[in-house]
Structures are given as C-alpha cells and as structure tokens.
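Structural overview
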Amino acid sequence: STRLSLSPATMTFLPYPEIPYKIVHTGDIFLLLSLGFAYELVMRIYQHRNERRTTHERKINIHLATLRYEAAKKRALGPSAFVETAKLERAVLATEKESAKLVQDRGARKVRGAKLIKKCNLATNVLILLTYWGVAMVAIDGSRLDDHNNESYDDVITDVERASAFWKGFLFPLSYNGMAYKISQFGIESDMRPSCLGALAVVWAARVTCGEVVDCVMQW
C-alpha cells in the first residue's frame with residue numbers, strides 16, 4: 001500500500017480539501033479501472049450490434065420502399081395498368097412479411113443479448129469480489145480529519161465515524177445508493193468498511209464513466 005495525501009496547494013484546478021489516504025493500492029486501482037472501461041466498452045459494442053439493423057434488413061427496407069413507390073405509380077394509371085399493379089402489390093406484401101420477420105428476429109436477438117450481458121455482469125462481479133476479497137482499494141485515515149462539521153462538540157466522534165462521514169459526503173449519492181455500495185465492500189473487515197472502498201466500487205465507477213462517454217458519442 002502507498003500513503004498519499006493531496007493538499008490544497010497542489011490542486012490548483014481541483015480545489016478539494018486534503019484527502020488523508022491511509023491505504024491506496026495504486027496498481028490495482030489502475031488495473032481495475034482499465035478492466036472496467038474495457039469491459040463496458042465491449043458490452044456496449046455487443047449490445048449495439050444486437051440492436052441495430054443488419055445490412056440485409058436495411059436492403060429489404062429500401063427495396064420495400066421502392067416497391068411501394070412503383071405500386072403507387074402504377075395504381076395512379078388506372079385499369080390499364082391493372083396487371084402490373086397486381087404484381088407489384090403482391091411483391092409489396094411478400095417483402096413486408098420478410099421485413100416483419102427480420103424485425104422479429106432482431107427483437108429476439110436483442111433479448112438473448114441482454115440475458116447474456118446480465119450473466120456476464122454477474123460472473124464478472126463475483127470474480128472481482130472473490131479475487132479482491134477482504135482487500136480495500138482505498139482507505140481514509142479518520143484520525144487526520146477535523147470535526148468542524150460536527151454540530152455538537154460534546155459528542156465523541158471516532159476515527160471510523162469521521163472517515164465514514166467523509167466518504168458519504170465525497171461519494172454522494174453513491175454512498176446512499178442501497179445494497180450496491182454495501183455489496184462492493186463484502187469481505188472487508190467490518191470495522192474498516194465505513195472508511196474504505198472495495199474493488200467492485202472502482203470497477204463500477206469505470207463502467208459508469210465509460211457508459212456515459214459512449215452514450216455521448218452515440219448521440220453526437
């Protein structure tokens with residue numbers, strides 16, 4: 001582990017208060033961040049491929065639009081173009097059936113992909129949790145935190161309580177997000193949990209960030 005402290009003087013562009021780290025596993029954090037980014041990117045690409053229309057489906061839709069246009073032109077000619085109009089209308093119906101089947105197949109492919117992604121997410125989370133069982137990636141030294149936010153100076157605040165209050169403020173609203181935050185700390189000693197972050201929290205942070213970037217790129 002590495003002791004690291006960031007003072008206000010060294011953070012010109014990010015004027016945060018000093019963060020009294022007690023434990024920082026820098027190498028593991030970079031590894032988990034890279035894993036989270038890469039995993040989320042692969043999952044987003046796989047999901048996008050399942051949801052988008054295939055080349056064949058796009059060609060069918062173009063062909064269907066062309067047939068509808070030609071059928072409308074022949075229909076406007078009246079009874080003299082009855083035979084040609086009937087042929088085009090039958091072709092339109094056949095192409096519409098094929099297009100509907102492709103849409104149905106795409107929907108089924110999307111459902112299968114979502115189930116596979118869900119299973120992969122569960123397996124990845126379990127693997128990371130077991131690999132880093134009982135290891136805190138980052139821990140805060142509560143003894144180096146001030147009590148200036150405490151309304152009652154008569155109360156005795158422990159180091160763990162100081163660290164817990166710091167994390168809740170620093171990670172808000174993640175720290176209040178229910179079971180997910182608590183699950184990320186499974187395996188860590190109970191007296192350390194309020195003052196530290198687990199490996200899953202690091203991976204999830206990377207995945208959320210990567211997901212937001214991908215969404216912005218897709219909408220742009």
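In this report, we go over the structure that sits alongside the text. Just so we're clear, the structure is a prediction, and the values are computed from it rather than from any experiment. (Residues numbered from 1 in each chain as written. Predicted model: local features only at pLDDT ≥ 70, side-chain atom pairs only at ≥ 80, totals over all residues. Heavy atoms only, no water.)

1. Topic: the packing of helix H2 (residues 55-76) against helix H3 (residues 82-131)
Between two packed helices, both the angle of their axes relative to each other and the distance between the axes serve to describe the pair. It is the contact of H2 with H3, at a shortest axis distance of 9 Å, that shows an interaxial angle of 155°. Comparing their axes, H3 and H2 come out roughly antiparallel. The hand of the H2/H3 crossing is left-handed. Each residue belonging to the contact of H2 with H3 can be placed in one class, and the counts come to nine nonpolar, six polar and 10 charged. (Axes fitted to C-alpha atoms, helices over the stretch in contact; angles between N-to-C directions. Helix = DSSP H or I, 4+ residues; strand = E, 2+ residues; numbered from the N terminus. Parallel < 35°, antiparallel > 145°, perpendicular 65-115°, else oblique. Left-handed = near helix turned anticlockwise from the far one by under 90°. Nonpolar A, V, L, I, M, F, W, Y, C, P; charged D, E, K, R; others polar.)

2. What about a nonpolar patch on the surface?
On the surface, Leu122, Val126, Leu130, Trp133, Ile183 and Phe186 cluster together into a nonpolar patch covering about 580 Å² of accessible area. A total of three residues in the nonpolar patch trace back to one element, the largest contributor, which is H3. Secondary-structure assignment places Trp133 in the loop between H3 and strand S3 (138-140). On the basis of relative accessible area, Trp133 is assigned to the partly exposed category, the value being 48%. (Patch = residues over 30% accessible without salt bridge, like charges linked within 9 Å, V, L, I, M, F, W, Y side chains within 5 Å. Areas by Shrake-Rupley, 256 points an atom, 1.4 Å probe, with all protein chains shown as cover. Salt bridge = Lys/Arg side-chain N within 4 Å of Asp/Glu carboxyl O. Buried < 20%, exposed > 50% of the residue type's maximum accessible area, 1.4 Å probe, protein only.)

3. Notes on helix H6 (residues 199-219)
Residue pairs spaced three or four apart in an α-helix point in one direction, given the helix's 3.6 residues per turn. Spanning 21 residues, H6 covers 31 Å between terminal C-alpha atoms, matching the ideal 30 Å at 1.5 Å per step. Within H6, the full set of buried residues consists of Ala199, Leu200, Ala201, Val202, Val203, Ala206, Arg207, Cys210, Gly211 and Val214. (Expected span 1.5 Å × (residues − 1).)

4. A word on the nonpolar core
The biggest cluster of nonpolar side chains holds 20 residues, and the ones touching the most others in it are Leu32, Ile128, Met137 and Ile140. Where this core is concerned, the elements lending two or more residues are strand S2 (19-24), helix H1 (26-51), H3, S3, helix H4 (159-170) and H6. Sort the elements by how many residues they give to this core and H6 lands first, with five residues. Contacts of Met137, omitting those with residues within four sequence positions, involve Ile23, Val24, His25, Asp28, Ile29, Leu32, Tyr132, Leu197, Gly198, Ala199 and Val202. (Core = buried A, V, L, I, M, F, W, Y, C linked by side-chain atoms within 4.5 Å. Contact = heavy atoms within 4.5 Å.)

5. Observations concerning the packing of H3 against H6
For the pair H3 and H6, the least separation of the axes is 9 Å and the interaxial angle reads 140°. Considering the angle they form, H3 stands oblique to H6. Crossing of H3 over H6 shows right-handed handedness. Touching Asn121, Asn125, Ile128 and Leu129 of H3 are Ala199, Leu200, Val203, Trp204 and Arg207, all from H6. Broken down by class, the residue content of the contact of H3 with H6 amounts to six nonpolar, two polar and one charged.

By themselves these figures say nothing about function.
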